[in-house]
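Residues per chain, in single letters:
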Amino acid sequence: MVDQLITGLDSMAQLLLAMDSGVGLLIGVGISMSASHGFALLANRLTPPQILMHMVVDALVLSLAFLLCILCHSVMLMVFEGIPLQPITFANRMGAALWPGLLYVLVAAPYVSDVLAVGLLAWIHLNVLVLLQAVYGIPFQTGLLVALPGYVVALVLVGLLFAQRWRRSYDTLAREVTALLQ
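The rules behind each value
- Residues numbered from 1 in each chain as written.
- Predicted model: local features only at pLDDT ≥ 70, side-chain atom pairs only at ≥ 80, totals over all residues.
- Heavy atoms only, no water.
- Helix = DSSP H or I, 4+ residues; strand = E, 2+ residues; numbered from the N terminus.
- Buried < 20%, exposed > 50% of the residue type's maximum accessible area, 1.4 Å probe, protein only.
- Contact = heavy atoms within 4.5 Å.
- Areas by Shrake-Rupley, 256 points an atom, 1.4 Å probe, with all protein chains shown as cover.
- Expected span 1.5 Å × (residues − 1).
- Core = buried A, V, L, I, M, F, W, Y, C linked by side-chain atoms within 4.5 Å.
- Axes fitted to C-alpha atoms, helices over the stretch in contact; angles between N-to-C directions.
- Left-handed = near helix turned anticlockwise from the far one by under 90°.
- Nonpolar A, V, L, I, M, F, W, Y, C, P; charged D, E, K, R; others polar.
- Disulfide = S-S within 2.5 Å.
- pLDDT = per-residue confidence, 0-100.

**Observations concerning the overall build of the protein**
Tallying secondary structure elements over the protein gives eight helices and zero strands in all. Looking at the protein as a whole, 38% of its 182 residues qualify as buried. When contacts within the protein are restricted to residue pairs at least 6 apart in sequence, long-range pairs at least 24 apart make up 72% of them. For the protein, the accessible surface area stands at approximately 10,400 Å², while carbon and sulfur atoms represent 74% of it.

**A few points about helix α7 (residues 113–136)**
Between its first and last C-alpha atoms α7 spans 34 Å; for 24 residues at 1.5 Å apiece the expected length is 34 Å, and the two agree. Along α7, the residues that are buried comprise Ser113, Ala117, Leu120, Leu121, Ile124, His125, Asn127, Val128, Leu129, Leu131, Leu132 and Tyr136. Following α7 by one or two positions, Gly137 adopts a phi angle in the positive range, close to 70°.

**Concerning helix α4 (residues 48–81)**
Taking 1.5 Å per residue, 34 residues should reach 50 Å; α4 reaches 48 Å between its end C-alpha atoms and fits that length. Just downstream of α4, Gly82 is the residue with a positive phi angle, here 70°.

**Digging into the nonpolar core**
In terms of nonpolar packing, the biggest core is built from 36 residues, with Phe66, Leu77, Phe90, Met94, Leu98, Leu132 and Tyr136 touching the most fellow members. Listed by contribution, the elements that provide at least two residues to this core are α2 (20–35), α4, α5 (87–93), α6 (95–98), α7 and α8 (140–181). A per-element tally of this core places α7 first, with nine residues. Apart from residues lying up to four places away in sequence, Tyr136 is in contact with Leu77, Ile83, Leu85, Phe90, Arg93 and Leu131.

**Quick look at the side chain of His125**
On the secondary structure map, His125 appears in helix α7. Overall, the relative accessible area of 11% leaves His125 in the buried class. For His125, the contacting residues outside a window of four places in its chain are Leu144, Ala147, Leu148 and Tyr151.

**Topic: the packing of α4 against α7**
In contact at an axis separation of 13 Å, α4 and α7 are set at 35° when each is read in the N-to-C sense. Crossing hand, α4 versus α7: right-handed. On the side of α4, the interface is formed by Phe66, His73 and Leu77, while α7 contributes Leu121, Ile124, Val128, Leu132 and Tyr136. Of the residues assigned to the contact of α4 with α7, the class counts are seven nonpolar, one polar and no charged.

**Quick look at the state of the cysteines**
Overall, the coordinates contain zero disulfides when judged by the stated rule. No disulfide involves Cys69; its sulfur sits 6.9 Å from that of Cys72, the nearest cysteine. Given a relative accessible area of 7%, Cys69 falls into the buried group.

**Observations concerning the confidence of the model for the protein**
On average, residues of the protein carry a pLDDT of 75, and 76% of them reach 70 or more. Predicted confidence in the protein is weakest over helix α1 (residues 2–18), with a mean pLDDT of 57, and strongest over α7, with 83.

**Some remarks on the side chain of Ser74**
Note on placement: Ser74 falls in helix α4. A relative accessible area of 4% means that Ser74 is categorised as buried. Once residues lying within four places of it in the same chain are set aside, the contact partners of Ser74 are Leu85, Gln86, Pro87 and Phe90.

Next comes the structure, spelled out in structure tokens:
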């Protein structure tokens, strides 16, 4: 039993080493998305440990949203194109497509945050389409079918997290800024 556990842990370690570039960027995107809410957390007068806890949990949840998106892309590649692809391989190749997500911290800008968020997610989606064309030779129209479900999954999960957790924070921040300006 101990040998099986050691073998399992060894295979997990090898798996994590194989995922280094794509998953590292995936976590960076999650941190950037989480950091965009830092001002709202400060406005709600949370303590630094509470802010750190919120940001870490959000970064992990947002990274999971993109990981589910990558898994969806992999499944769609297999279904539509017959490309037997492991999500790890695709995640590493996604590194080139995910880099605009590092700019997500700019979504903290007031009044244009929703537009910036959707724009950055659309930019990532466009990068995925270019990646599918460049790496796998998939035409643009087929690439739309392959990538759209993953994009929708990421957009919905990010939107749900934002709507559930942060909208109240931004509303509180807007009220306090308005009160300070008057």
